[in-house]
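The lines below spell out each chain.
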Amino acid sequence: MRDALVAAAFQLFLERGYEQTTVDDIVALAGVGRRSFFRYFPSKEDVVFPDHERCLADMTAFLADGSDDDEPVRRVCDAARLVLRMYAENPTFSVQRYRLTKQVPGLRAYELSVVWRYERALAAYLRRRFAARRDGTLQADVIAAAVVAAHNNALRSWLRSDGQGEASAAVGHALAYVQSAFGGGPVAPVVEEPEDVVVVVSRRGAPLWRVVQEIETTLGRG
């Protein structure tokens, strides 16, 4: 029933346009009642993204199942690959959704809210792992944002190509860049550089301007 509703919705979206299609139109084509639609989808927007709730649950479970021996950045990169797998399972549908989302501002806003939830899930995991680090929360949020940005950059390139080629290779390359930038163990502590000390030997009674001149000359030579 869920798949039938999604198929009917996208058929109508492609034929009539998203704004011109109503929930009544979708259920009529699918041969079910309105109550059946809302049993599966809270709104018309949700039928465009029918698999994100499951994917978010899978990602959260994957992160929770990790151990303290897992390298944190690698773990969140592997979690992001679950989203790629969802898109790659049905390239035709994923490309259709991408095109539709580009055309409808409301769907773009909805998609951003979905992406934000993925990013928060990754950041929550990293915050736990980085709790003992200096600026651990900041590091967690920055890395989570970088993982999502790298993943989405490669994913959208694949979608713009109409799903041609191997999506996993492009996403893997992008995520490897994040791992090389942020992975590999704890961040080294900040070490303050020692201040320079300048010693100038001057004749007693020398005018102040000459002392200043000697200091400037010494610093200019350093």
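Everything numeric in this text was worked out from a predicted model, so none of it was measured.

**Student:** Could you give an account of the overall build of the chain, with specific residues and numbers?
**Tutor:** The helix and strand tally for the chain stands at eleven helices and zero strands. The secondary structure elements of the chain, listed N-terminal to C-terminal, are α-α-α-α-α-α-α-α-α-α-α. Each of the 222 residues in the chain was classed as buried or not, and the buried ones make up 38%. Accessible surface, the chain: about 13,500 Å² in total, of which carbon and sulfur atoms supply 53%.

**Student:** Kindly report on the packing of helix α9 (residues 136-160) against helix α10 (residues 167-182), identifying the contributing residues and their values.
**Tutor:** Where α9 meets α10, the closest approach of the two axes is 8 Å, and the angle between their N-to-C directions is 155 degrees. The angle between α9 and α10 places the two elements in the roughly antiparallel class. Relative to α10, the crossing made by α9 is right-handed. Residues Val 142, Ile 143, Ala 146, Val 147, Ala 150, His 151, Ala 154, Leu 155 and Trp 158 of α9 pack against Ala 167, Ala 170, Val 171, Ala 174, Leu 175, Val 178 and Phe 182 of α10. Class assignment for the residues of the contact of α9 with α10 results in 15 nonpolar, one polar and no charged.

**Student:** Help me get a handle on a nonpolar patch on the surface, residues and values and all.
**Tutor:** On the surface, a nonpolar cluster with roughly 250 Å² of combined accessible area is contributed by Leu 138, Val 142 and Phe 182. For Phe 182, the location among the structural elements is in helix α10.

**Student:** How would you sum up the environment of Ala 9? Please name residues and give values.
**Tutor:** Inspection of the secondary structure puts Ala 9 in helix α1 (residues 2-16). Ignoring anything within four residues of it in the chain, the contact list for Ala 9 reads Ile 26 and Val 47.

**Student:** I'd love a proper account of the nonpolar core, names of residues and values included.
**Tutor:** By size, the foremost hydrophobic cluster in this structure holds 40 residues, and its most contacted members are Met 59, Tyr 118, Leu 122, Leu 126 and Val 147. Contributions of two or more residues to this core are made by α5 (52-64), α6 (72-89), α7 (91-103), α8 (105-129), α9 and α10. Ranked by size, the runner-up nonpolar core spans 21 residues in total, among them Phe 13, Val 27, Val 32 and Phe 37.

About the thresholds
- Residues numbered from 1 in each chain as written.
- Predicted model: local features only at pLDDT ≥ 70, side-chain atom pairs only at ≥ 80, totals over all residues.
- Heavy atoms only, no water.
- Helix = DSSP H or I, 4+ residues; strand = E, 2+ residues; numbered from the N terminus.
- Buried < 20%, exposed > 50% of the residue type's maximum accessible area, 1.4 Å probe, protein only.
- Areas by Shrake-Rupley, 256 points an atom, 1.4 Å probe, with all protein chains shown as cover.
- Axes fitted to C-alpha atoms, helices over the stretch in contact; angles between N-to-C directions.
- Parallel < 35°, antiparallel > 145°, perpendicular 65-115°, else oblique.
- Left-handed = near helix turned anticlockwise from the far one by under 90°.
- Contact = heavy atoms within 4.5 Å.
- Nonpolar A, V, L, I, M, F, W, Y, C, P; charged D, E, K, R; others polar.
- Patch = residues over 30% accessible without salt bridge, like charges linked within 9 Å, V, L, I, M, F, W, Y side chains within 5 Å.
- Salt bridge = Lys/Arg side-chain N within 4 Å of Asp/Glu carboxyl O.
- Core = buried A, V, L, I, M, F, W, Y, C linked by side-chain atoms within 4.5 Å.

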